[in-house]
Amino acid sequence: MLKLNTAIRNRRSPRAIANKIVTKEMIMLLFEAARWAPSAMNEQPWNYFWVHRDNKNKFEEVLNLLTGINPEWAKNAQAIIISVARKNYEYNNKQNRNALHDTGAANFSIAVQATEMGLQVRQMGGYDRQKAAEYFKLGTEKYELATFIAVGFQGEPEQLPEELKIRELQPRVRKEINEFVKEL
Ligand SMILES: Cc1cc2nc3c(=O)[nH]c(=O)nc-3n(C[C@H](O)[C@H](O)[C@H](O)COP(=O)(O)O)c2cc1C
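Residues numbered from 1 in each chain as written. Predicted model: local features only at pLDDT ≥ 70, side-chain atom pairs only at ≥ 80, totals over all residues. Heavy atoms only, no water.

**Student:** Hey, could you go over the overall build of the protein for me, with residue numbers and the actual values?
**Tutor:** From N to C terminus, the protein includes 8 helices and 4 strands. Listing each helix as α and each strand as β along the protein from the N terminus yields α-α-β-α-α-β-α-β-α-β-α-α. The C-alpha atoms of the protein give a radius of gyration of 17 Å, which matches the 16 Å a tight globule of 184 residues would have. Seen along its three principal axes, the alpha-carbon backbone of the protein occupies a region of about 50 × 50 × 30 Å. Here the protein holds 184 residues, and the buried ones make up 41% of them. In the protein, the proportion of contacts linking residues at least 24 apart, taken out of those at least 6 apart, comes to 77%. Roughly 11600 Å² of accessible area belongs to the protein as shown, and the carbon and sulfur atoms make up 51% of that amount. Here the protein contributes 27 positively and 22 negatively charged side chains, and the mean placements of these two sets differ by 1 Å. (Helix = DSSP H or I, 4+ residues; strand = E, 2+ residues; numbered from the N terminus. Rg over C-alpha atoms; globule rule 2.2 N^0.38 Å. Buried < 20%, exposed > 50% of the residue type's maximum accessible area, 1.4 Å probe, protein only. Contact = heavy atoms within 4.5 Å. Areas by Shrake-Rupley, 256 points an atom, 1.4 Å probe, with all protein chains shown as cover. Lys, Arg positive; Asp, Glu negative; His and termini not counted. Charge placed at Lys NZ, Arg CZ, Asp CG, Glu CD.)

Structure below.
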């Protein structure tokens, strides 16, 4: 019987993150998954910063780059990964139009590997881009920030503030295949 890949089926992006340790070894395995993502010209344009919650000061500084309600739940992450796309090809320094696409592929590879390990991640586009570029000393002509990625084991919705708890308990919805696919 044809069936959906188990990690794809079980992956989700929880805001509720358990108070359960994620080790550096686990994080490194997530990066190993990123390493094997496909990319245009095998350029591998993804770059990552990451911080573990044990590194209290730096973790706090990274949380401060997040916007909106993100810091409210992401403060419980075990680690935060910051994904960055290198905008130009290394071999000729010309613009790589696939850089962000391929960084997204590597990020999804991280998400699927996390699920395989019993972990989950939640990506965030909600951060202050200017502050973050300055914090990571990224020249915007060379690099484009992609997403911040909160990592942890899934927690209980009850641990979230009421507003987020309601959102966390909403059913996950998706478009039907025929809404986004056309056979020629
Ligand atoms: C590029 C990107 C940016 C996102 N930004 C945020 C964000 O800033 N805050 C947040 O809580 N979730 C964010 N999300 C998570 C999405 O809301 C979530 O993936 C979507 O609702 C589908 O839920 P699921 O991943 O559990 O299937 C982001 C996801 C992606 C891929």
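Structure shown, so let's carry the discussion forward.
**Student:** Provide a residue-level description of the site of the ligand, including the pertinent values.
**Tutor:** If you check the shell around the ligand, you find 14 residues, and the closest are Ser13, Arg122, Gly125, Arg172 and Arg174. Between arginine 172 and the ligand, the recorded distance is 2.7 Å, taken from a side-chain N or O atom to an oxygen atom. Arginine 174 is positioned with one of its side-chain polar atoms (N or O) 2.6 Å from an oxygen atom of the ligand. Bound to the protein, the ligand loses 61% of the 620 Å² it would expose on its own. Contributing elements (two or more residues each) for the shell around the ligand: helix 4 (70–74) and strand 3 (120–124). Considering every element that reaches the shell around the ligand, the biggest residue donor is strand 3, with 3 residues. (Near = heavy atom within 4 Å. Polar contact = N/O pair within 3.5 Å; in protein donor to acceptor, adjacent residues only side chain to side chain.)

**Student:** Quick rundown of the pairing of strand 3? Include the residues and the values.
**Tutor:** For strand 3, a buried count of 4 out of 5 residues is recorded, marking the element as mostly surrounded by other parts of the structure. Strand direction decides the pairing type here: strand 3 and strand 4 (residues 143–152), joined by 5 bridges, are antiparallel. Residue glutamine 120 lies in a different strand from strand 4, and its bridge partner there is glycine 152. (Pairing = 2+ DSSP bridges.)

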